[in-house]
Amino acid sequence: MGTDGIVPETELAGGVPFSGPLSGPLSKRGGSRKSARFNIPESSSSTAAAAASAKSASFAEDYVEITLDVRDDSVAVHSVKAAGDEDPEVTLLGRKLEKRSASFGSSLIRQVSQELRRFASFSKRPAPGHFDRSKSAAAHALKGLKFIAKTDGGAGWAAVEERFDELAVDGALHRSLFGQCIGMKGSNEFAGELFDALARKRNITVDSITKAELREFWDQISDQSFDSRLQTFFDMVDKNADGRITEEEVKEIISMSASANKLSNIQEQAEEYARLIMEELDPSNVGYIEIYNLEMLLLQGPSQSVRGGTTNSQKLSRMLSQKLRPTEEPNPIRRWCQKANYFLEDNWKRVWVMALWLSICAGLFAFKFIQYRERAVFHIMGYCVCTAKGAAETLKFNMALILLPVCRNTITWIRSKTKLGYVVPFDDNLNFHKVIAVGIAIGVGLHAGSHLTCDFPRLLHASDQAYEPMKPFFGDARPNNYWWFVKGTEGWTGVVMVVLMAIAFTLATPWFRRGRLKLPKPLNRLTGFNAFWYSHHLFVIVYVLLVIHGIFLYLSHKWYKKTTWMYLAAPMILYTSERLTRALRSSVSPVKILKVALYPGNVLSLHVSRPPGFKYKSGQYMFVNCAAVSPFQWHPFSITSAPQDDYLSVHIRTLGDWTRQLKVVFSEVCQPPPEGKSGLLRADYNGDGTGSNPSFPRVLIDGPYGAPAQDYKQYEVVLLVGLGIGATPFISILKDIINNIKHVEADGEEDLESSNNINVHRRGTSTSTGTSSSFRTRRAYFYWVTREQGSFEWFRGVMNEVAENDKKGMIELHNHCTSVYEEGDARSALIAMLQSLNHVKHGVDVVSGTRVKSHFGRPNWRSVYKRIALNHRDQRIGVFYCGDPLKMNDLRDLAKDFSRKTTTKFEFHKENF
């Protein structure tokens, strides 16, 4: 209808007001007479000039009124007249339309019928500009359909222009390089569709553009206007530029958006989701949707985010933001004291333990140093022998102490049965183990270095008179070379110990243990967990040699002065008992594998029978051994089942050589899952002992062992943060909270039923109170951040169970998929729309496949802490983290920051595996 003076379609869709129906039915088939006002564009003709002059007289003269006779499947032009006074040009327009209606009836009817359907849909939609964008959660989440990360318009053009000069060939930029040029990295397909949409608008039919055309493109995609970006997005989907989007075009854009966001599941179901969008936006089944339908979906979609607080909360939030701004203390002394005070508040447990350890080491060193300062050997070897013997005394102590942090059964018992956990940082046991190892390395360096570079040379070059007092220790004949010292028992045992400890220490460093150092074959076998595990068990030989080395001392012959065995006796007995307990406990009660499942993201799920007497707390872990992989290696994994479950489960991600081999072993006994079962591959145990499943490899378990997450019950409010497979310790906690909720509700129902009987009521109240008081946690925030969509399949059942059973909203679940572009990016806009629709209609999230809605991109952790601080003022919040150590520092620093500057105290805990 862009001819004969009628405004183009885009102007028509702009929201011109209607005067409403003018008449009733015209025939048996039903019809009505509708009129609409159209804006007449100015013309260069004299009549147009006359109309323009008349326009200044009255606003109504800017419009014409077209009256249409409408039936179910036909439309005829009844009349066309000016909205105000009669105008010659309008009269001519009306005659043309009426004549055109008569001569080209069927063609015009079809064309006007389509427009009429648009009129009808316009009558149902709110008046243009009346969408409540300021309060819409969808509009807030989408933030205006950003096509690029930084929409700074002209300021960003300089960088784009520079990239154009680098990428252009003969002054033209090819379509395939468009995304790279504008900064849309990693989305070449999406950038190509954007290029095509912008080119269609400008009638560009080639695959290359000039710098001037690129500037036009850039001005459009960097436009801050929501309407402009909405139109650009609509043009991307509307590939034939007819102003309408069909179901096939919706399917294509869903597939493209899913591909850009690495959402393979959505890509496979693109046809189903396209049909869902069409059902929602095209209820009349006309076969297409238009731009205003898209706008309504964006601005009136269901909320994805947490509802905003009250005005009071918003004011508090602003005050909190201002309070948390870093303000540096100008006085350097006060600033230093403030930092020292903060450090002591956060680390007082570690400080006193480290201070005690250093004091003991210093005291032992000083004791032995002074002792040898007064002995005759000092006159030949000087302070070298004092240093060597002082270092040796610290070595004995540290070689005994280093075994205690890895006595896991003892530590678990102490932290569970005593109150020492309030003053001793048991969560740092492995870190303390590493610190002691550094102390041992320093002691070895001082002891061996002093002997080899100072003591022995001075003894070799001593005069016969000076050597006389040394004969009881080194013999009548003075040693004449180094070989004399090396071939002795004290010498060769010391050399071997130093070599073995150097190997174990080197292969335990992160570069070797985590395989970060890439070595050529066959040296690559020195990297990885296997090399670390086997080399670490060289300590058995080291301890045997250490005892022998301590017996054959050059300068001490009395048994009570040979104290090495005294230091080592108790720790070695304790550690040996622990290892024997583990071996007996795991072999006496072997477990039966109930289920094996292989999930996306290289995750293996094992469900095994629960041995008799195996009691544990949520958040604890156990060791797993599979003889088919290695008969000696035991690896720790968080328990993902709840204490109330009659089975034990762990989820193991393939990260190292042992886990890779474990996956291979179990893959051989797994098959594609049957209908309705989860996993890529799966094998289930048949209770009757029959079935087609092959025999499972033998698996042993040992545990449970204490972990930081088990202390979650100390807090009424907890924040659980899991990155990737780091969610495993918190899955058990979520299930435990749900089970406790059920118990509390069951106790409450019993109390209600027995309320008519006073005695029974009292007993019921006592039981309920006991159950409730033991279950302290009343609110949990769980944030799970994962890179892949398939990861959500690991714990789909738990997520659904929490969503269904948490009627009181005690648990707030937040799943974040980082492969999806953040909310507001045009590449994820359609996914966000689809997510809202599907969750409202089916109650299932399209990204995670659970009842829990997924968020796009990474969380804004400062906002997370801020919201919790506002919701729980004057309370202690337990923050439990498991995941990448690099991300840990940010969360820990935020916990400290909010604890110092708000009335909410965040206590940070992290897992150490």
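Residues numbered from 1 in each chain as written. Predicted model: local features only at pLDDT ≥ 70, side-chain atom pairs only at ≥ 80, totals over all residues. Heavy atoms only, no water.

The number of helices and strands found in the protein chain is 35 helices and 19 strands. A burial count over the protein chain gives 47% of its 913 residues as buried. When contacts within the protein chain are restricted to residue pairs at least 6 apart in sequence, long-range pairs at least 24 apart make up 72% of them. Surface summary for the protein chain: the accessible area is close to 45,700 Å², and the carbon and sulfur share equals 56%. (Helix = DSSP H or I, 4+ residues; strand = E, 2+ residues; numbered from the N terminus. Buried < 20%, exposed > 50% of the residue type's maximum accessible area, 1.4 Å probe, protein only. Contact = heavy atoms within 4.5 Å. Areas by Shrake-Rupley, 256 points an atom, 1.4 Å probe, with all protein chains shown as cover.)

Once that is clear, we can look at the state of the cysteines. Scanning the model with the defined rule gives one disulfide in all. In this model Cys384 forms its disulfide with Cys454; the gap between the sulfur atoms is 1.5 Å. On the sign convention where negative is left-handed, the bridge of Cys384 and Cys454, at about 55° about the S-S bond, is right-handed. A residue pair is termed long-range when its members are at least 10 positions apart, and Cys384 in helix H18 (residues 383-401) and Cys454 in helix H20 (residues 429-460) qualify at 70 residues. For Cys384, a relative accessible area of 16% puts it in the buried group. (Disulfide = S-S within 2.5 Å.)

Let us look at the sheet that holds strand S9 (residues 621-626). As summarised here, the arrangement of the three strands in space is S10-S9-S13, forming an open sheet in which the pairing is antiparallel. Every other strand in the sheet has two partners, leaving strand S10 (635-638) and strand S13 (699-705) as the edge strands with one partner each. For this sheet, the mean inter-axis angle between neighbouring strands, taken without regard to orientation, is 30°. (Pairing = 2+ DSSP bridges. Axes fitted to C-alpha atoms, helices over the stretch in contact; angles between N-to-C directions.)

Moving on: the packing of aromatic side chains. For the structure on display, the rule yields 26 aromatic pairs. Consider the rings of Phe178 and Phe195, whose centres lie 5.4 Å apart with planes at 70°: the pair is edge-to-face. Taken together, the residues Phe178 in helix H7 (residues 178-182) and Phe195 in helix H8 (residues 188-201) connect sequence positions 17 residues apart. Classification of Phe178 as buried rests on a relative accessible area of 0%. Where Phe195 meets Phe217, the ring centres are 5.8 Å apart and the plane angle is 75°; that geometry is what we call edge-to-face. Remark: Phe217 occurs in helix H9 (residues 211-221) and Phe195 occurs in helix H8; sequence separation between them is 22 residues. One exposure class covers both Phe195 and Phe217, and it is buried. One aromatic cluster in this structure is built from Phe365, Phe369, Phe378 and Tyr383. Here Arg244 stacks its cationic end above the ring of Tyr288, 4.9 Å away from the centre of that ring. (Phe/Tyr/Trp six-rings, centres within 6.5 Å; stacked < 30°, edge-to-face > 60°. Lys NZ or Arg CZ within 6 Å of the ring centre and 35° of its normal.)

Take the packing of H8 against helix H11 (residues 247-260) next. With their axes 8 Å apart at the nearest point, H8 and H11 run at an angle of 140° to one another. Considered as vectors, H8 and H11 are oriented oblique to each other. On H11, the residues touching Glu189, Phe190 and Glu193 of H8 are Met256, Ser257 and Ser259. The residue inventory of the contact of H8 with H11, partitioned by class, reads two nonpolar, two polar and two charged. (Parallel < 35°, antiparallel > 145°, perpendicular 65-115°, else oblique. Nonpolar A, V, L, I, M, F, W, Y, C, P; charged D, E, K, R; others polar.)

Moving on to the sheet that holds strand S8 (residues 603-609). A sheet is described by the order of its strands in space; here four strands give the open sequence S11-S8-S7-S12, paired in antiparallel fashion. Unpaired on one side and paired on the other, strand S11 (647-653) and strand S12 (681-684) mark the two borders of the sheet. Neighbour-to-neighbour, the strand axes of this sheet turn through a mean angle of 10°, independent of strand direction. With seven bridges joining them, S8 and S11 adopt antiparallel strand pairing. By the bridge assignment for S11, Val603 is matched with Arg653.

Before going further, it helps to spend a moment on the nonpolar core. The biggest cluster of nonpolar side chains holds 90 residues, and the ones touching the most others in it are Phe178, Leu214, Ile254, Ile266, Phe782 and Val847. Top contributing element to this core by residue count: helix H33 (residues 826-842), with eight residues. If near-sequence neighbours (up to four positions away) are discounted, Val847 is found in contact with Leu263, Ile266, Gln789, Phe792, Cys817, Ile831, Gln835, Ser854 and Phe856. Formed by 26 residues, the second largest nonpolar core is a distinct cluster that contains Cys361, Leu401, Ala437 and Leu500. (Core = buried A, V, L, I, M, F, W, Y, C linked by side-chain atoms within 4.5 Å.)

For the rest of this paragraph, the subject is the side chain of Asp702. Topologically, Asp702 is positioned in strand S13. A relative accessible area of 0% means that Asp702 is categorised as buried. A distance of 2.9 Å separates a polar atom in the side chain of Asp702 from a polar atom in the side chain of Arg582. A distance of 2.3 Å separates the side chain of Asp702 from the side chain of Tyr705, its partner in a polar contact. (Polar contact = N/O pair within 3.5 Å; in protein donor to acceptor, adjacent residues only side chain to side chain.)

So, about the side chain of Ser791. The topology assignment puts Ser791 in the loop between strand S15 (779-786) and helix H32 (796-805). On the accessibility criterion, Ser791 (1% relative accessible area) is buried. Among the polar contacts made by the side chain of Ser791, one reaches the side chain of Thr786 at a distance of 2.9 Å.

It is worth spelling out H9 at this point. Those residues of H9 that fall on the buried side of the exposure criterion are Leu214, Phe217, Trp218, Gln220 and Ile221. When H9 is viewed along its axis, its buried side chains cluster within an angular range of 160° and face the same direction. (Arc of directions from axis to C-beta.)

This next bit is on H20. Helix length check: H20, at 32 residues, gives a terminal C-alpha distance of 45 Å against a target of 46 Å (1.5 Å per residue), a fit within 8%. Taken as a whole, H20 carries its principal kink of about 40° at His451. (Expected span 1.5 Å × (residues − 1). Bend = angle between axes of the 7 residues up to and from the residue.)

Side chains of Trp348, Trp352, Leu356, Ile360, Leu420, Tyr422 and Val423 sit close together on the surface and give an oily, nonpolar patch of about 640 Å² of accessible area. On the secondary structure map, Trp348 appears in helix H16 (residues 332-373). (Patch = residues over 30% accessible without salt bridge, like charges linked within 9 Å, V, L, I, M, F, W, Y side chains within 5 Å. Salt bridge = Lys/Arg side-chain N within 4 Å of Asp/Glu carboxyl O.)

Let us look at the environment of His855. Among the structural elements, His855 can be located in strand S17 (residues 854-856). Remark: the alpha-carbon pair of His855 and Tyr821, spanning 34 residues in sequence, is separated by 9.8 Å.

Quick look at the packing of H8 against H9 now. Each pair of packed helices gets described by two things: the angle between the helix axes and the distance between those axes. H9 packs onto H8 with a crossing angle of 105° between their chain directions and a minimal axis gap of 11 Å. In terms of orientation, H8 and H9 fall into the roughly perpendicular class. Together, Leu194, Phe195, Leu198 and Ala199 of H8 and Phe217, Gln220 and Ile221 of H9 make up the contact between the two elements. In the contact of H8 with H9, the residues fall into six nonpolar, one polar and no charged.

For the rest of this paragraph, the subject is the confidence of the model for the protein chain. The pLDDT averaged across the protein chain works out to 75; a share of 74% of its residues lies at or above 70. Of the regions scoring below 50 in pLDDT, residues 96-110 engages in 20 contacts with residues more than four places distant in sequence or in other chains. Counted against residues more than four places away or in other chains, residues 688-692, with its pLDDT under 50, gives two contacts. (pLDDT = per-residue confidence, 0-100.)

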